[in-house]
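Working through the structure, step by step
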Amino acid sequence: MSRHPTDRILEKGDDVMLKRVDTTQPLRTLIVEDSEDDTLLLVDQLEIEGGRSVDWQRVETEQALTEALQQHWDIVLSDYTMPHFSGMRALEVVRQHDLDLPFIFVSGTIGENTAVLAMKSGAQDYVMKSNLTRLVPAVERELEEAQLRREQRQAEEMLRKLSLVVEQAADSVVITDPGGCIEYVNPAFERLTGYTRTEAVGNKPSLLKSGQHDQAFYQVLWQTVLKGEIFRGTLINRKKNGELFYEEKVITPLKDEQGRVTHFVSTGRNITERVKAEEARAQLVAILEATTDLVAILDPDGCLRYLNNAGYRLLGLDPKTEISKVCLKELFPERIAHQLESEALPIAYREGTWSGETALRRVDEIEVPVSQVLLAHRDAAGEVEYLSTIVRDITERKRFEAELQHQATHDILTGLPNRILLIDRLTAELERARHANNFVAVLFLDIDNFKRINDSLGHAVGDALLQQISDRLQAALRPNDTIARQGGDEFAVIAGDLPRSENVLDVLRKIYAAFERPISLGSQETYITFCTGIAIYPHDGASVEELLRNAGTAMYRAIAAGHNQYRFYAPDMNARSHELLTLETDLRLALKRNEFIVYYQPQVELTSGRIVAMEALIRWRHPQRGLVSPAGFVSMLEESGLIMLAGEWILSQACTEFREMGLHDVRISVNVSASQFNDPELLHKVCRVMKQECIPPNALELEMTENIIMQDPAAAAEILKKLRALGVRIAIDDFGTGYSSLSYLKRFPLDALKIDQSFVHDLTRDANDAAIVEASITLGKKLGLEVVAEGVETQEQFDFLRAHDCDLAQGYHVSRPLRKNEMIDLLREGRHW
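Attention in this report is confined to the structure presented alongside it. (Residues numbered from 1 in each chain as written. Predicted model: local features only at pLDDT ≥ 70, side-chain atom pairs only at ≥ 80, totals over all residues. Heavy atoms only, no water.)

The next point concerns the packing of helix H1 (residues 36-50) against helix H5 (residues 135-168). Two elements in contact, H1 and H5, have axes whose closest approach is 9 Å; the angle formed by their N-to-C orientations is 80°. In terms of orientation, H1 and H5 fall into the roughly perpendicular class. Every residue of H5 that contacts H1 at Leu-42, Gln-45, Leu-46, Glu-49 and Gly-50 is listed here: Leu-135, Val-136, Val-139 and Glu-140. For the contact of H1 with H5, a count of residues per class yields 5 nonpolar, 2 polar and 2 charged. (Axes fitted to C-alpha atoms, helices over the stretch in contact; angles between N-to-C directions. Helix = DSSP H or I, 4+ residues; strand = E, 2+ residues; numbered from the N terminus. Parallel < 35°, antiparallel > 145°, perpendicular 65-115°, else oblique. Contact = heavy atoms within 4.5 Å. Nonpolar A, V, L, I, M, F, W, Y, C, P; charged D, E, K, R; others polar.)

As structure tokens, then:
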């Protein structure tokens, strides 16, 4: 409430005691006055009547006042009218510097109206020079009120800060009246719950109820706060969007001076992530305790911090054992502990993880084979904070593996090594021979007349015979020789450490000597003879595969020569077969190793001169021979049966790359082999590829020769109709080179004829070829088919075809076959022929 300036005037008799102002210190007074005499009168009045010393300074200009205000002053006394300075200007300068510094006008000329204006402008009081008895009471009163103003301003500032704290707090704050009606929520509440302040105020906290607490829970909450006590607990609430969250809640009653609750202040912290983390941790602990694998956590020095139940059982430890005194190296045999310290731990520290097979040592000294993973866990600074390990008992697996290994590498009937172990042993033997410069002999033995014995005496007798042969061979040969059963009535022998190749005859003699005596088969006896094939390292082969193959070849030569024969292998017998088998093997590997690639040869429309189609052609990037053309391997693909896999690959790859090229006005043509065409799954495979690669109708063309479709014309027609229904174009490749019936040809749903390049090659020099090409074009036109000429290599051929209304031309005159990127570049050139 504003007061009239005259309300501030104190009479002489007023007894003013200022308890809030320290009167023991000098009163620092800044005096704005042009008269030094008047200044001294003011100082005398303050010191005499006020009873305290005065530190003072007189100024009479604005500059001097501004400079003086850089010091601390308790009060400013100012004349109102001065020659060089206005009292009102002085008031303005002081207020700009400090709003709370007391300012009193002491003047002989100020009137009441002027005094009111001064008070409104920020002066605290005025004293007439003619009545200085009011000076001391006025000064003391203003010092007291200045102190009060400062404290009030500080309190307001503190309140403002507290308000900012609440507004900017990370925790939600809700203030309600005693009935629970919300009066205030802070922004953190809005962020946490999704409700705006407008939506929350006037509502009750029950708008966050999730249904996860029963009525008793809320009764306890209300009973606590209504008694004036603080409630602490965790609530599961629901956000505006329906999402549940966990809130650590503190509800504090606010009381007035009579102890009555006036408000409730609720603070909440979102602990959803912490609760979920704790739940996840509890679940993890439950899993760790339930697993059958040993799980341990160790400090960086390798001493245990945690061991699950399975760990206690696997190690045979008493559950009461103090594991903190147990270190990693104590859990393993000495050799394994050394391996862990020298290999596993350094790798885990360097790479974060190590895994391998080790062996635990139980408390009863029994070793347990285990599969182990060791992990190093780092803190935020990148230092290893702790280690963990997972250990699985693989005793049963090891036993089973050993059993499987024996079964996989040994013949069940005789117990001899089988072909797998034979190869392994021969590999090792060859390695030793290379270092020792010795010879190794591989002998294949085929029992003469075994089928007759087996058929006449029965399979049980045949099995007994094989077992006895096995026993005699093992007894006859050296312990370091390998005897294997190849299967059926064939055995194999590896004889190593032979100083000379002729030493193999000693082995052969021992075998023949072992069977000079008859073998008893129940009540009967029989003599056993063999046909034997022999291959010697290094003369007959440097690899396992060569020696085994050549020994087999030699054995069949011996069989062809009659009973009880042996033959050595001759290298010239194998040259051609080796070449073909190598090619077949390389082709099988090429499919596995993705050595095939696709080239594209463009087809130009003769009327417009632009590229409208391209044929996908398979090439082989051989790791040693480089790029191989189809002439060098396609026939072997067909002979070996690999043509199906290769054909499916090029169809899929060509369509994939076609999609990647993003072409819209160019189609792609792919060759189909006879094997593919006769595949019952052809339609399904083509449909699948088209769907996978999003090939539009008429963008894919399949080429096949006349001979393929003429093998079974009726069945071929059905297949071609179904392919056409899929949106696939059909072209007859190499037209004119095979057998075809025009009556059947016109019934097939064809789109194009491709004139074989053998006719195009000499058409400008050979009248017969020119006539065949011209007739083929005419025939195609009559049948409503597009005609494509292959093998166009010269401008003259190109011009002839254009002059005779051929539709498309393909060959080196247009372009050699190109890789995908080259094809894209050619299309971008927009070239016309």
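Back to the text.
A few words now on the packing of aromatic side chains. All told, the structure shown has 11 aromatic pairs when counted by the stated rule. Between Phe-103 and Phe-105 the ring centres are 5.1 Å apart and the planes differ by 75°, which places this aromatic pair in the edge-to-face class. Here Phe-105 falls in the buried class, since its relative accessible area comes to 0%. A centroid spacing of 6.1 Å and a plane angle of 85° characterise the contact between Tyr-566 and Phe-568, whose relative ring orientation is edge-to-face. Residue classification places Tyr-566 among the partly exposed positions, given a relative accessible area of 35%. Members of the aromatic cluster, each reached through a chain of ring pairs, are Phe-596, Trp-620, Phe-633 and Trp-649. Above the ring of Tyr-218, the side-chain terminus of Lys-209 is found at 4.4 Å from the ring centroid. (Phe/Tyr/Trp six-rings, centres within 6.5 Å; stacked < 30°, edge-to-face > 60°. Buried < 20%, exposed > 50% of the residue type's maximum accessible area, 1.4 Å probe, protein only. Lys NZ or Arg CZ within 6 Å of the ring centre and 35° of its normal.)

This part covers unusual backbone geometry. With an omega of 5°, the peptide bond running from Tyr-537 to Pro-538 counts as cis. Considering the arrangement of structural elements, one finds Pro-538 in the loop between strand E21 (530-537) and helix H17 (544-561). The backbone of Asn-449 sits at a positive phi, close to 65°, despite the residue not being glycine. With respect to the helices and strands, Asn-449 occurs in the loop between strand E16 (439-447) and helix H14 (450-457). Judged by relative accessible area, which is 34%, Asn-449 ranks as partly exposed. For Asp-734, which is not a glycine, the phi torsion comes out positive at approximately 55°. Residue position: Asp-734 is located in strand E28 (residues 729-735). In this structure Asp-734 comes out as partly exposed when scored by relative accessible area, which is 23%.

So, on to the sheet that holds strand E14 (residues 367-378). Pairing in this open sheet of 5 strands is antiparallel, and the strands run E12-E11-E15-E14-E13 from one edge to the other. Whereas interior strands pair on both sides, the edge strands pair on one side only; in this sheet they are strand E12 (304-307) and strand E13 (353-361). Direction aside, the axes of adjacent strands within the sheet are offset by 25° on average. Where strand E11 (residues 294-298) and strand E15 (residues 384-393) come together, 5 bridges link them in antiparallel fashion. Across the sheet, Leu-294 pairs through a bridge with Val-391, a residue of E15. Strands in contact with helix H11 (residues 334-351) are E13, E14 and E15; relative to E13, the strand with the most contacts, it is inclined by about 160°. On top of the sheet, helix H12 (residues 395-409) reaches E13, E14 and E15; it is set at about 125° to E14, its chief contact. (Pairing = 2+ DSSP bridges.)

The subject of this paragraph is the sheet that holds strand E3 (residues 75-78). The 5 strands lie next to each other as E2-E1-E3-E4-E5, forming an open sheet whose pairing is parallel. Each end of this open sheet is capped by a strand with a single partner; those strands are strand E2 (54-59) and strand E5 (125-128). Recorded for the sheet is a direction-independent mean angle of 25° between the axes of neighbouring strands. On top of the sheet, helix H3 (residues 87-97) reaches strand E1 (27-32), E3 and strand E4 (103-107); it is set at about 165° to E4, its chief contact.

Here the structure, examined in full by the defined rule, presents 1 disulfide. What pairs with Cys-303 in a disulfide is Cys-327, and their sulfur atoms sit 2.2 Å apart. Taking the torsion about the S-S bond as the criterion, the Cys-303 to Cys-327 disulfide, at about 50°, is right-handed. Placement of the pair is Cys-303 in the loop between E11 and E12 and Cys-327 in the loop between helix H10 (309-315) and H11, with a sequence separation of 24 residues. The exposure classification of Cys-303 matches that of Cys-327, with both residues buried. Not engaged in a disulfide, the cysteine Cys-687 finds its nearest cysteine sulfur in Cys-655; these two sulfurs lie 12 Å apart. Note on Cys-687: relative accessible area 23%, which makes it partly exposed. (Disulfide = S-S within 2.5 Å.)

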